[in-house]
Amino acid sequence: MTSLDQLIQRNINPFDPTTFKPGNFWQETQDLHQEVASIHQGVLDDIEQALDAVSQDRATRTLLLAGDSGSGKSYLLGRLKRRLRDRACFVYIGPWPDSQFLWRHVLRQTVDSLVQVPEGQSDPQLIRWLRGLPAFCDRSMAKWVLGERRLFVRDLRASYPTGIYNAKEFFGVLYDLTHLELRPLAYDWLRGDDLDDDDLKALRVRQSIDSEDAAQKMLSNFGRIAASTQPMVLCFDNLDNIPLLPSGKPDLQSLLSVNSTIHNEKLSNFLILISIITSTWRQNQSVLQPADVARLHDKLVLKTINLDQAMALWASRLHPLHLQADPPPKSAIAPLSRQWLEHKYPGGKTLPRSALMLGQQLIQYFKEQREMPAEPAPTGAVPPTGKGGVTGSPRPKPPPPLPNLRASFGLVWQAEYQKVIQQLTRISQLSSPELIRRLQEVLEALQVVGVKTPFLKRTKFSAYSLVHEQPTHTGIVWTEDRNMQTFFYVMRACEKAMKECDRLYLLRAEKLGKASTKGYKLFKQIFAYAHYLHVQPDLKSVQMLETYHRLVNAACGGELVVGQTTPNLAKLQQLMRESELLNGCSLLQELEIMDEMPRSPSPASTRTSQKRSKPPVSGKNPLTGAQQAAHDHILNLMATQSLMGLQVLIDHAQTQIGNLSEADVRQVVDLLCDMQSLKILDPQAKLQEQLICWVPQDG
């Protein structure tokens, strides 16, 4: 028999804040069992009705989805995608790096979403969407795969005699999607990658989609032929980290201009959802063009939830532990109680995230104290009185949040980083403007002096560059375009700008071309100087930049939760500096932003005494690289959880840190116990029953 109290002590807090961060619904896995159907049900119904209308008359509609931070906007988009995945293709479009690349960004993220495979299906959205075209309906897929490319293109051109941009090449690339060998190249061309000549030749196309006009027309192609397949739902989200105008306001006008163009060009079969924080919309609506605002068909508002819905959220989080508990709990939210919700939210309303954070706070108190705090008096109850009728102590307040902010941040970082390394497997998945934007965000977090864009001015490649002043006037250009003619033009832009800086870095992991090409010759000429350097970025460094970028998006949108706090961008930047998590980024070392040093101990371990923070072994650290990562993660986890089951801790470490056996993790745990950072409370018990606790720093 295992009681609920024992299960709570052994397991990670079911309200673990690392699970609170929403985001791109193709990158985040939402737990179906934690969904409360009644929350925002009316808004979901309104969106479904709008999609039904698009399906019936093919006319594009745009809805504004507004709500406070923590109201569940991004989570709702994920619910919508799951609910209607059989009736539409869903596209997630996050913040763009530069407004001069907005159409290309929309096209890129559209294709990136279309290549995703929805839950419960076997084919990517784009292949399923492709099968709805007339040419595929009239003839079998098998016949096309047998090699009738010319016939396929002919039939599609006959189906769409007008209005298709670059029809022969576009339909030819759609056909190439049916061939597994050419499919990756076809995806890259459709998303706007600047391919080299050999790749273009393999696809039988003349050039890449390398301009805003071409990207707009390519997106128009999807819209024009979508009437034969399924509607597309374009979800614009995280709009608080988009480029700023000279006034300092976010460039929402560029987005609304894109939306108006879609309507003016009568691109059919789109449902456009613009998700935004209510206050952001109110503060910026007055500076937007009224004609563009008028293109919004409706405004849907995510309201606060009632206490019954908050209790349902608590119950969904606690349910997995309740299933294991013996005896079964008497309440669906045990060991929590409704009185805490009534005490914390006397108006009977709250935000979903606020309810989850309260649950996390109360369960953490239980793990620390091994009992729940005294319940507050019911609403309307008279406070107890002491002797002589003197009013006693006021209602108790929720326990104060634990101070392990840096350890909590280490866990948030690790959780996001693990997702990134699974999803970002090639540097070329990000465009050059996206890469330079991510580098800019990191340099600003590290307080590098004078960071600004662009370095390459008055050129179409300005978004590929930035400049800073540490320690001297330094230009950085990042280009990963595979096309060597484009590389030559970037080099020519560098040549014109080289006199304007004391130091110039070219970041490029892609090939530099053959020695006989113009681009390579100019590259060798420019970077022959001592202070002009070529740096080849490594994938791990780019994954670290991407991890931070996702946290920036969440912080700017007020969606990042670290411990019991919701840090804004300035606080996130401070946490990044204090954690020193970027010390191991080799790209920053090569740019001389960081000294060449191994990453410092984890945030939690820096809080321990110097005696305990070093392994009790003379000479070398006995841990492997993966074990060192597990060492840092375990310290952070235990600093925030205080008490856990040893087997649960081992299993969790293996899940979070790859390439580790149970014996590897146990070696790390034994080392931390020797260092007196952790302590096994009942070493003689069976492994499944052993508890391990965090030993706080003395003094």
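Residues numbered from 1 in each chain as written. Predicted model: local features only at pLDDT ≥ 70, side-chain atom pairs only at ≥ 80, totals over all residues. Heavy atoms only, no water.

What is the right way to read the overall build of the protein chain from this model?
Scanning the protein chain from N- to C-terminus turns up 29 helices and 14 strands. Over its C-alpha trace the protein chain gives a radius of gyration of 28 Å, about what one expects of a compact globule, namely 27 Å for 699 residues. Along the first, second and third principal axes, the C-alpha atoms of the protein chain reach 90 × 65 × 55 Å. Per-residue burial over the protein chain gives 56% buried out of 699 residues. (Helix = DSSP H or I, 4+ residues; strand = E, 2+ residues; numbered from the N terminus. Rg over C-alpha atoms; globule rule 2.2 N^0.38 Å. Buried < 20%, exposed > 50% of the residue type's maximum accessible area, 1.4 Å probe, protein only.)

Mind showing me how you'd approach the pairing of strand β8 (residues 465-468) here?
Each regular strand displays side chains that alternate between the two surfaces of the sheet. The two faces of β8 match: Ser465 and Val467 on one face and Leu466 and His468 on the other face are all buried. For β8 and strand β9 (residues 474-478), the ladder comprises 4 bridges, and the chain directions are antiparallel. Bridging from a neighbouring strand, His468 pairs with Thr474 of β9. Between β8 and β9, which pair antiparallel in sequence order, lie 5 residues. (Pairing = 2+ DSSP bridges.)

I keep staring at the nonpolar core and nothing clicks. Help me out?
Generally speaking, a soluble globular protein has its nonpolar side chains buried in company with each other. Counting 65 residues, the largest nonpolar core has Leu174, Trp189, Leu190 and Phe222 as its most contacted members. Not counting the four nearest positions on each side in its chain, Phe222 is found in contact with Leu107, Val111, Leu114, Leu126, Trp129, Phe170, Leu190, Met232 and Phe270. Counting 45 residues, the second-largest nonpolar core is a separate cluster that includes Leu446, Trp478, Leu507 and Leu581. (Core = buried A, V, L, I, M, F, W, Y, C linked by side-chain atoms within 4.5 Å. Contact = heavy atoms within 4.5 Å.)

So what exactly am I meant to see when it comes to unusual backbone geometry here?
It is generally the case that most residues other than glycine have a negative phi and that most peptide bonds are trans. Pro327 follows Asp326 through a cis peptide bond whose omega is 10 degrees. Structurally, Pro327 is set in the loop between α16 (307-324) and α17 (338-344). Geometrically, the link from Gln470 to Pro471 is a cis peptide bond, its omega value of 0 degrees lying close to zero. When you line up the elements, Pro471 lands in the loop between β8 and β9.

Whenever I open this one, the pattern of salt bridges confuses me. Can you help?
For side chains of opposite charge, pairing can occur when their charged atoms come near one another. In total, this model carries 36 salt bridges according to the counting rule given. With its nearest N and O atoms 3.8 Å apart, the salt bridge here joins Glu119 to Arg85. With Glu119 in the loop between α4 (102-114) and α5 (125-130) and Arg85 in the loop between α3 (73-83) and β2 (89-93), this residue pair connects regions lying 34 residues apart in the sequence. Exposure remark for Glu119: the relative accessible area of 34% places this residue in the partly exposed category. Residue classification places Arg85 among the partly exposed residues on the basis of a relative accessible area of 25%. With a shortest N-O distance of 3.2 Å, Arg666 and Asp670 are connected by a salt bridge. Of the two residues, Arg666 and Asp670 are both situated in helix α29 (residues 662-674); the distance of 4 residues between them amounts to about one turn of the helix. Residue class for Arg666 comes out partly exposed when judged on its relative accessible area of 27%. Classification of Asp670 as partly exposed rests on a relative accessible area of 34%. (Salt bridge = Lys/Arg side-chain N within 4 Å of Asp/Glu carboxyl O.)

What exactly am I supposed to notice about helix α27 (residues 625-641) here?
Note on helix geometry: an α-helix contains 3.6 residues per turn, so any two residues three or four positions apart are oriented the same way. Counted at 1.5 Å a residue, the expected span for α27 with its 17 residues is 24 Å, and the 24 Å between its end C-alpha atoms agrees. Where α27 ends, the next residue or the one after it, Ser642, has phi of about 70 degrees, a positive value. (Expected span 1.5 Å × (residues − 1).)

Any chance you could explain the sheet that holds strand β11 (residues 532-535) here in plain terms?
Hydrogen bonding along the main chain pairs the strands of a sheet, whether they run parallel or antiparallel. Strand order in this open sheet of 4 strands is β8-β9-β10-β11, and the pairing throughout is mixed. In this open sheet, the two edge strands, each paired with only one partner strand, are β8 and β11. Here the strands of the sheet are splayed against their neighbours by 20 degrees on average, with no regard to which way each runs. (Axes fitted to C-alpha atoms, helices over the stretch in contact; angles between N-to-C directions.)

Please explain the sheet that holds strand β14 (residues 691-694) as it appears in this structure.
One open sheet accounts for 3 strands, arranged β12-β14-β13; its pairing is antiparallel. The open sheet is flanked by β12 (643-645) and β13 (678-680), the only strands paired with a single partner. Within the sheet, the average angular offset between the axes of one strand and its neighbour, ignoring direction, is 25 degrees. Strands β12, β13 and β14 of the sheet are contacted by helix α28 (residues 646-656), whose axis makes an angle of about 85 degrees with β12. Against the sheet, α29 makes contact with β13 and β14, and its axis sits at roughly 105 degrees relative to β13, the strand it touches most.

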